[in-house]
Amino acid sequence: KIIPIEPSSPSAAAMSRFVRRLAGIPWRQIAGEASSVGLLMAQGLCAVHVVSEHVLGVAFPRGPSMLPALNMAGDVLLTDKVSPRRGWVGPGDVVLLLSPEDPRKIVAKRVLGMEGDEVTYPVDAGNSDATKTVVVPQGHIWVQGDNIYSSNDSRQFGPVPYGLVKGKMSYRIWPPSRIGSIDSKE
């Protein structure tokens, strides 16, 4: 059963004042400003996404394969995403690429050879002096980790299609003691 509140009661008067206050708030203006701010934030996030995916990104490489050039963990590197599309990647550059063995993984390796180059590499670095020489096929590059004793690279999976290169690591921004450009070995 619903019991009506009589207008003369104190709670009815308070409710009436509350409703008048709510009616006096400029809801349309607030909603308009909120939607403007929301749209501006969405545009900003889209711009950040486009820049980080296609121009300049940040990479956090992990693992021992690039020792001593990169730490096992903790380095933060700027990654140039334009250079691979322009063909500005060459021997000595450290690149970020999709793993040819597991496309869900992104790995950091050093470019040792471009298409047409002859590359001589140790077959079993820790156990023998045997080497093998290969010619890098067209549209491919040869990549290796600086730490050849603990790197899964072109010695195992062969030349890498150039299209798997996602960025060229050019500058270390963390840790502060090692800020600077990444060494290029040729």
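- An unreviewed UniProt entry lists the chain under the name Peptidase S26 domain-containing protein, with Aegilops tauschii subsp. strangulata given as the organism.
- Under the UniProt heading Function (unreviewed entry), the entry covering the chain gives this text: "Catalyzes the removal of transit peptides required for the targeting of proteins from the mitochondrial matrix, across the inner membrane, into the inter-membrane space."
- Regarding the chain, the relevant UniProt record gives this comment under Subcellular location (unreviewed entry): "Mitochondrion inner membrane".

1. As for the domain arrangement of the chain
- The assigned domain composition of the chain is domain 1 (12-54) and domain 2 (60-181).
- Computed over C-alpha atoms only, the centres of domain 1 and domain 2 are separated by 48 Å.

2. As for unusual backbone geometry
- In this structure, the amide linkage connecting Leu67 to the following residue, Pro68, adopts the cis form with an omega of 0°.
- Along the polypeptide, Pro68 turns up in the loop between β1 (56-59) and β2 (76-80).
- Here the residue pair Trp174 and Pro175 is connected by a cis peptide bond, since its omega of 5° sits within 30 degrees of zero.

3. Overview of the UniProt feature "domain: Peptidase S26" (unreviewed entry) in the chain
- The UniProt record annotates "domain: Peptidase S26" (unreviewed entry) at residues 41-122 and 131-174.
- As a span, residues 41-122 carries 23% helix and 33% strand, and end to end its C-alpha atoms are 52 Å apart.

4. A look at the environment of Asp146
- Of note, Asp146 is situated in the loop between β7 (140-144) and α4 (154-157).
- Placed 25 residues apart in sequence, Asp146 and Tyr121 show a C-alpha to C-alpha distance of 12 Å.

5. Describing the nonpolar core
- Core analysis: the biggest nonpolar cluster contains 11 residues, these being Val89, Val95, Leu97, Val107, Val111, Met114, Ile141, Val143, Phe157, Val160 and Val165.
- For this core, the secondary-structure elements that each account for two or more residues are β3 (94-98), β4 (106-113) and β7.
- Apart from the residues within four sequence positions on either side, Val111 is in contact with Val89, Gly90, Pro91, Gly92, Asp93, Val95, Ile141, Trp142 and Val143.
- Ranked by size, the runner-up nonpolar core spans nine residues in total, among them Ala59, Leu77, Val94 and Ile182.

6. A look at the UniProt feature "active site" (unreviewed entry) in the chain
- Sites flagged by UniProt as "active site" (unreviewed entry) map to Ser65 and Lys109. Spanning 45 residues, the named residues form one tight spatial group whose C-alpha atoms are at most 7.8 Å apart.
- Positionally, Ser65 belongs in the loop between β1 and β2.
- One polar contact links Ser65 to Lys109, side chain to side chain, over a distance of 3.1 Å.
- Looking at the element boundaries, Lys109 is found in strand β4.

7. Description of the pattern of salt bridges
- Enumeration according to the criterion identifies five salt bridges in this entry.
- Across the salt bridge formed by Asp93 and Lys168, the nearest N and O atoms sit 3.7 Å from each other. Within this pair, whereas Asp93 is found in the loop between α3 (82-86) and β3, its partner Lys168 is found in strand β9 (residues 165-174), the two being separated by 75 residues in sequence.
- Of the residues examined, Asp93 reaches a relative accessible area of 15% and is grouped as buried.
- The exposure class of Lys168 is buried, given its relative accessible area of 19%.
- Measuring nitrogen to oxygen at the nearest pair gives 2.8 Å for the salt bridge that ties Arg155 to Asp153. Per residue, the accessibility class of Arg155 equals that of Asp153, and both read buried.

The rules behind the values
Residues numbered from 1 in each chain as written. Predicted model: local features only at pLDDT ≥ 70, side-chain atom pairs only at ≥ 80, totals over all residues. Heavy atoms only, no water. UniProt positions renumbered as here; feature names shortened; annotations may be inferred. Domains from an automatic or database assignment. Helix = DSSP H or I, 4+ residues; strand = E, 2+ residues; numbered from the N terminus. Core = buried A, V, L, I, M, F, W, Y, C linked by side-chain atoms within 4.5 Å. Buried < 20%, exposed > 50% of the residue type's maximum accessible area, 1.4 Å probe, protein only. Contact = heavy atoms within 4.5 Å. Polar contact = N/O pair within 3.5 Å; in protein donor to acceptor, adjacent residues only side chain to side chain. Salt bridge = Lys/Arg side-chain N within 4 Å of Asp/Glu carboxyl O.

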